[in-house]
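Listed below, chain by chain, are the residues.
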Amino acid sequence: MAHLIGIDVGGTSIKAGLFSGDGKLLGVKSVPTGALDNAEEFAKVNAGLHELIESHNVDVADIVGVGLDVPGPVDSLGNVGMLANIKLDATAFSDAIKASFPGARLAFINDANAAALGEAWVGAGRGQTDFVMITLGTGVGGGIISGGRLIAGHVGAGGEIGHITVNPGETEHCGCGRRGCLEQYSSASGIVRLYKQECARLGEEPAELKGPSDSYTVFQRLAAGSAAAEIAINRMCEYLAIAMSQLSAVVDPAIFVIGGGVVGSFDVFKEQLGEKYRATTLLPTRCSMIVPAELGNEAGMYGSAYCAMQLL
Ligand code: BGC
């Protein structure tokens, strides 16, 4: 019987979902993300995929479609334009997956575009013809659904919200090589970067962080009254609101769906973000709602499976 696999390549883990041909999620397997540029790493991922299907008594021959999302602009043939936050040889990686599932058609999609399709399919975007998905994780990603269609653009860079320039005066470089991108302020790592900067400026002892993307601890510091955390979260919201208001002037979404790891702290920043958005955006677009994603970290996985389903 026909089955599908949806793969989401994240900064810390690669998540794969096994789906029945009619789109029911049967099981999930997660593999830690290594440097995805060598045969050994590809073999680890493939081993995880095989474990997943075997544990559900599904044969390799039954896998008719595999959707692969990547954290960078990618066209429908799998050509990746750039990768700001991850080491990945996308061509060699997809070749390894193709070789492992020879009967499957392979679909390529950007990770945040996949998250948008996932949320449109079974999440917060269900029934919405116009919404913008924003993923706040290691990077900042975006997926734009306009008139019921995903706007992926000419080279797959449609919705590269994280690289909207929000601060032309920035001196530090973004992972994309430019300066002043939204991602430098509103991603999990951007929040941590701002927090550390402010601690140094204010002479505040920084909290012990569990890594460069541990924004959760910064939100906890905010609750504990840290001035550095307050300024960092304030700037994070301010820049995000600027980008959202510009998006509203282009696609006028009914809702913004916020996903990615940072959404775990949504309740802490939602009011501030809403206020800043309404203060910045064009009057008629003030009514756009800002809601959290419903599929959490599984949105990309759902969306890439959905994308593979469209090829059949
Ligand atoms: C990439 C996007 C991606 C986002 C989240 C950005 O740096 O350019 O393509 O969607 O990170 O992974």
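Residues numbered from 1 in each chain as written. Predicted model: local features only at pLDDT ≥ 70, side-chain atom pairs only at ≥ 80, totals over all residues. Heavy atoms only, no water.

## Considerations on the sheet that holds strand β5 (residues 105–110)
Here we have five strands laid out as an open sheet, ordered β3-β2-β1-β4-β5, and mixed in their pairing. Looking along the sheet, the strands with just one partner apiece sit at the ends: β3 (25–32) and β5. Each adjacent strand pair in this sheet contributes to an overall mean axis angle of 15°, direction not counted. As paired elements, strand β1 (residues 3–9) and strand β4 (residues 63–70) share six bridges and run parallel to each other. (Pairing = 2+ DSSP bridges. Helix = DSSP H or I, 4+ residues; strand = E, 2+ residues; numbered from the N terminus. Axes fitted to C-alpha atoms, helices over the stretch in contact; angles between N-to-C directions.)

## Quick word on the site of the ligand
Not every one of the 15 residues close to the ligand is listed here, only the nearest: Asn110, Asp111, Glu160, His163 and Glu183. Within the side chain of asparagine 110, a nitrogen or oxygen atom sits 2.8 Å from an oxygen atom of the ligand. At a separation of 2.5 Å, an oxygen atom of the ligand approaches a polar side-chain atom of glutamate 160. Burial of the ligand by the surrounding chains reaches 94%, relative to a free accessible area of 310 Å². (Near = heavy atom within 4 Å. Polar contact = N/O pair within 3.5 Å; in protein donor to acceptor, adjacent residues only side chain to side chain. Areas by Shrake-Rupley, 256 points an atom, 1.4 Å probe, with all protein chains shown as cover.)

## Quick look at unusual backbone geometry
For asparagine 57, which is not a glycine, the phi torsion comes out positive at approximately 55°. Tracing the backbone through its elements, the reader meets asparagine 57 in the loop between α1 (39–54) and β4. Unusually for a residue other than glycine, aspartate 252 sits at a positive phi of about 45°. Its relative accessible area of 47% is what places aspartate 252 among the partly exposed residues. (Buried < 20%, exposed > 50% of the residue type's maximum accessible area, 1.4 Å probe, protein only.)

## Describing the domain arrangement of the protein
Many authors give the size of an interface as the accessible area that is lost as the parts come together. Structurally, the protein comprises domain 1 (3–115 + 298–310) and domain 2 (127–293). The centre of domain 1, based on its C-alpha atoms, is set 26 Å off from the matching centre of domain 2. Domain 1 puts 13 residues into the contact, and the matching count from domain 2 is 19 residues. Carbon and sulfur atoms make up 57% of the surface buried where domain 1 meets domain 2, a total of about 1100 Å² over both sides. On the domain 1 side of the contact with domain 2, Asn85, Ala112 and Asn113 bury the most area, a combined 42% of that side's loss. (Domains from an automatic or database assignment. Contact = heavy atoms within 4.5 Å. Buried area = accessible area lost by both parts, 1.4 Å probe.)

## A word on the layout of surface pockets
The volume enclosed by the largest pocket comes to roughly 960 Å³. If you trace the largest pocket, you find 49 residues lining it, with Gly11, Gly137, Thr138, Gly139 and Gly261 closest to the centre. At the level of secondary structure, the elements contributing two or more residues to the lining of the largest pocket comprise β1, β2 (13–20), α3 (111–122), β6 (131–136), β7 (140–146), α6 (215–223) and α9 (299–309). Looking at which domains feed residues into the lining of the largest pocket, each of domain 1 (3–115 + 298–310) and domain 2 (127–293) supplies at least three. (1 Å grid on protein atoms, 1.4 Å probe; cavity = no way out; pocket = protein on both sides within 12 Å on 5 of 7 lines; lining within 4 Å. Points joined across faces, edges and corners; volume = space filled by probe spheres on them.)

## Quick look at the pattern of salt bridges
In total, this model carries ten salt bridges according to the counting rule given. For arginine 126, the salt bridge goes to glutamate 294, with nearest N and O atoms at 3.2 Å. Of the two residues, arginine 126 sits in the loop between α3 and β6 while glutamate 294 sits in the loop between β10 (289–292) and α9, which places them 168 residues apart along the sequence. The partner of aspartate 267 in a salt bridge is lysine 270, and the shortest N-O contact between them spans 3.4 Å. Highlighted residues: aspartate 267 and lysine 270, both in helix α8 (residues 266–280), separated by three residues, approximately one helical turn. A relative accessible area of 35% places lysine 270 in the partly exposed class. (Salt bridge = Lys/Arg side-chain N within 4 Å of Asp/Glu carboxyl O.)

## Observations regarding the packing of aromatic side chains
One pass over the full model with this rule turns up nine aromatic pairs. Aromatic side chains tryptophan 121 and tyrosine 306 sit 5.4 Å apart centroid to centroid with 45° between the ring planes, which places their arrangement in the tilted category. One end of the pair, tryptophan 121, is in helix α3; the other, tyrosine 306, is in helix α9, and 185 residues separate them in sequence. Under the relative-accessibility criterion, tyrosine 306 is labelled partly exposed at 26%. Between phenylalanine 266 and phenylalanine 269, the aromatic rings sit 5.6 Å apart at their centres with planes inclined by 80°, giving edge-to-face as the arrangement. A residue pair is termed a helical-turn pair when its members lie 3 or 4 positions apart in one helix, as phenylalanine 266 and phenylalanine 269 do in helix α8 at three residues. The residues phenylalanine 266 and phenylalanine 269 share a single accessibility class, namely buried. An aromatic cluster is defined as three or more aromatic residues linked by ring pairs; in this entry it consists of Phe19, Trp121, Tyr302 and Tyr306. (Phe/Tyr/Trp six-rings, centres within 6.5 Å; stacked < 30°, edge-to-face > 60°.)

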